[in-house]
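Each chain, letter by letter, is given below.
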Amino acid sequence: MANDDNVWRWDDSKAVRTSGAEAQARMDALLMKAAGTDDPDDAVSVLLGRPRVAEEREETVKIQVRVPRSWQEEIDRKAVGERLSRSEYLRRIIGREALQSA
């Protein structure tokens, strides 16, 4: 619950006690909703900053490129504007270009 000071505060009146499988199912559902996925393992990956690159599980590889500093600054500015990490922003750009060329 956010207050006017934008600080999250615990609200005992909304607390629900669960344990075991029920608690796991509730947490899985919350994580999947937050990540926009229907798989708990994918949800954890997405929320930890490692979103799926493709629908099918496929090996991913690291690609490194060198760019002028001005490019990096522009990429970072656009990524922040879209509320993404630099890595996620670049994955989206590369993915869109690769899909258009296919």
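One structure accompanies this document, and this report is about it. Bear in mind that the values here come from a model prediction, so they are computed numbers and not experimental data.

Rules and cut-offs
Every chain's residues receive numbers from 1 upward, in the order its sequence appears when written. At least 70 in pLDDT is required for a residue's local features to be given in this predicted model, at least 80 for side-chain atom pairs to be given and counted, and no such filter applies to totals for whole chains, interfaces and linings, which use all residues. Only heavy atoms go into the side-chain values, all of them from the structure, while hydrogens and water stay out. For the purposes of this entry, the term helix denotes a DSSP run of H or I that reaches at least four residues, the term strand denotes a run of E that reaches at least two, and both are numbered from the N terminus. When accessible area is computed with a 1.4 Å probe and restricted to protein chains, residues below 20% of their type maximum are described as buried, those above 50% as exposed, and intermediate ones as partly exposed. The contact criterion used is simple: two residues touch if any of their non-hydrogen atoms lie within 4.5 Å. Here a salt bridge means any side-chain nitrogen of Lys or Arg lying within 4 Å of a carboxyl oxygen belonging to Asp or Glu. For every element, the axis is a line fit to its C-alpha atoms; helices are fit only across the contacting stretch, and the angle between N-to-C directions ranges from 0 to 180 degrees. Convention used here: angles under 35 degrees read as roughly parallel, angles over 145 as roughly antiparallel, angles from 65 to 115 as roughly perpendicular, and any remaining angle as oblique. Less than a right angle of anticlockwise turn of the near helix away from the far helix marks a crossing as left-handed, whereas a clockwise turn marks it as right-handed. Note on residue categories: nonpolar means Ala, Val, Leu, Ile, Met, Phe, Trp, Tyr, Cys or Pro, charged means Asp, Glu, Lys or Arg, and polar means any other residue, Gly included. Here a helix's expected span is defined as the number of its residues, less one, multiplied by 1.5 Å. Taking the helix axis as origin, the arc is that swept by the directions to the C-beta atoms.

**Some thoughts on the overall build of the protein**
(1) Moving on: Scanning the protein from N- to C-terminus turns up 4 helices and 0 strands.
(2) Moving on: Reading the helices (α) and strands (β) of the protein from amino to carboxyl end gives α-α-α-α.
(3) Moving on: Taking all 102 residues of the protein together, 12% fall into the buried category.
(4) Moving on: In the protein, of all internal contacts separated by at least 6 residues, the share reaching a separation of at least 24 is 9%.

**Brief notes about the pattern of salt bridges**
(1) Moving on: By the definition in use, this model includes 6 salt bridges.
(2) Moving on: Put simply, R86 and D76 hold a salt bridge, and the shortest N to O gap is 2.7 Å. With a gap of 10 residues between them, R86 in helix α4 (residues 86–101) and D76 in helix α3 (residues 69–81) connect regions that are remote in the sequence.
(3) Moving on: Overall, R86 belongs to the partly exposed group, its relative accessible area being 39%.

**Examining the packing of helix α1 (residues 20–35) against helix α2 (residues 40–47)**
(1) Moving on: One way to put it is that α1 packs onto α2 with a least axis distance of 8 Å and a crossing angle of 55°. Between α1 and α2, the angle falls in the class oblique. Every pair of crossing elements has a handedness; the one defined by α1 and α2 is left-handed. Where α1 approaches α2, its residues D28, L31, M32, A34 and A35 are matched on the opposing element by P40, A43, V44, V46 and L47.
(2) Moving on: Taken together, the residues that form the contact of α1 with α2 break down as 9 nonpolar, no polar and 1 charged.

**Here's the deal with unusual backbone geometry**
(1) Moving on: A positive phi is found at R83, a non-glycine position, where the angle reads about 60°.
(2) Moving on: Turning to its location among the elements, R83 is positioned in the loop between α3 and α4.

**Notes on α1**
(1) Moving on: Helix length check: α1 (16 residues) gives 23 Å between terminal C-alpha atoms against 22 Å at 1.5 Å per residue, within 8%.
(2) Moving on: For α1, the complete set of buried residues consists of A23, D28, M32 and A35. Buried positions in α1, seen along its axis, are confined to an arc of 160° and lie on one side of it. Exposed residues lying more than 90 degrees from the buried face of α1 are L30, K33 and A34.
(3) Moving on: Contacts made by the buried residues of α1 are with α2.
(4) Moving on: Phi turns positive, to about 70°, at G36, one or two residues after α1.

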